[in-house]
Amino acid sequence: MNVSAIGWVLLICAVVLVSGVSAQSVDKNAGYSVTPAGNLVLPSVMSPMTAGTITQGQTNWYSVVVPSGKSSITADLNWGYAPDSLTLTVIAPDATLGPYHDASDGVTDGRIFLTFSRTGGIAPGTWVFKVYGENVLGTQSYNFVTY
């Protein structure tokens, strides 16, 4: 392998590593870690799944009460049609997180599937979720669930 080939291999490895790392972010103000939930095993207890529809520029709101002592919460917004663009903003009792887009979980697939966690636990209280139709042709159906 010559020097040029080694350089290309290193460049490809760097791109793969950076794309995997960029899928995680931390809100510096509130200390929340936001990570893709793609390999998450679904728990036996979750909020009821909500089926909804949204149009261009429309906003739909959801909320869930989080008890104290919980270490994380996962939000799953799934519309399954990548050409339409929805965003998800999470309003915790102590911080606003997002907005998040389709690729925020590392995959562009018409789904935003993220886990929000923090060392010492997440803030108890009412968490509000804003679903926004950023770029929607016609009416887009979706499912939303938290756990």
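Placed above this text is the structure.
Residues numbered from 1 in each chain as written. Predicted model: local features only at pLDDT ≥ 70, side-chain atom pairs only at ≥ 80, totals over all residues. Heavy atoms only, no water.

1. Details of the overall build of the protein chain
Helices and strands together make up the secondary structure of the protein chain, namely one helix and 10 strands. Secondary structure elements in the protein chain, listed N-terminal to C-terminal, are α-β-β-β-β-β-β-β-β-β-β. The 147 residues of the protein chain split such that 35% are buried. Long-range pairs, those at least 24 residues apart, make up 80% of the contacts in the protein chain with a sequence separation of at least 6. (Helix = DSSP H or I, 4+ residues; strand = E, 2+ residues; numbered from the N terminus. Buried < 20%, exposed > 50% of the residue type's maximum accessible area, 1.4 Å probe, protein only. Contact = heavy atoms within 4.5 Å.)

2. Focus on the packing of aromatic side chains
All chains considered together, the criterion is met by five aromatic pairs. Here the aromatic rings of Tyr 32 and Trp 127 are separated by 5.7 Å at their centres, their planes lie at 90°, and the arrangement is edge-to-face. Here Tyr 32 is found in strand E2 (residues 32–36), whereas its partner Trp 127 is found in strand E9 (residues 125–135), with 95 residues between them in sequence. Neither residue differs from the other here; Tyr 32 and Trp 127 are each classed as buried. Taken together, the aromatic side chains of Tyr 62, Phe 129, Tyr 142 and Phe 144 make up a single cluster linked through ring pairs. We note Arg 111 situated over the ring of Phe 113; from NZ or CZ to the ring centre the distance is 4.0 Å. Here the guanidinium or amino end of Lys 130 rests over the ring plane of Tyr 132, the centre of that ring lying 5.8 Å away. (Phe/Tyr/Trp six-rings, centres within 6.5 Å; stacked < 30°, edge-to-face > 60°. Lys NZ or Arg CZ within 6 Å of the ring centre and 35° of its normal.)

3. Points about unusual backbone geometry
Of the consecutive residues Gly 98 and Pro 99, the connecting peptide bond is found in the cis state with omega at 15°. Following the sequence through the fold, Pro 99 ends up in strand E7 (residues 95–100).

4. Focus: the sheet that holds strand E4 (residues 59–66)
Adjacent strands of a sheet pair through backbone hydrogen bonds, lying either parallel or antiparallel. On the basis of which strands lie adjacent, the open sheet formed by four strands has the order E4-E9-E6-E7 and antiparallel pairing. A single partner strand is all that each edge strand has here, and the edge strands are E4 and E7. Taking the axes of each pair of neighbouring strands and ignoring which way they run, one obtains an average angle of 15° across the sheet. Relative to E9, E4 runs antiparallel, the two sharing eight bridges. Bridging across to E9, Thr 59 finds its partner in Tyr 132. (Pairing = 2+ DSSP bridges. Axes fitted to C-alpha atoms, helices over the stretch in contact; angles between N-to-C directions.)

5. Quick look at the environment of Gly 133
Structurally, Gly 133 is set in strand E9. It is 4.8 Å that separates the C-alpha atoms of Gly 133 and Leu 86, two residues lying 47 residues apart in sequence. Each residue touching Gly 133, except ones within four places of it in the same chain, is listed here: Ile 54, Thr 55, Gln 56, Gly 57, Gln 58, Ser 85 and Leu 86.

6. Some points on the side chain of Asp 105
Along the chain, Asp 105 falls in the loop between E7 and strand E8 (111–117). One buried charged residue, Asp 105, remains without a salt bridge, the closest side chain of opposite sign being Arg 111 at 5.8 Å. At a separation of 3.2 Å, a polar atom in the side chain of Asp 105 contacts the main-chain amide nitrogen of Val 107. Excluding residues that lie within four positions of it along the chain, Asp 105 makes contacts with Pro 36, Arg 111, Ile 112, Phe 113 and Leu 114. (Lys, Arg positive; Asp, Glu negative; His and termini not counted. Salt bridge = Lys/Arg side-chain N within 4 Å of Asp/Glu carboxyl O. Polar contact = N/O pair within 3.5 Å; in protein donor to acceptor, adjacent residues only side chain to side chain.)

This is a description of form; function is not addressed.
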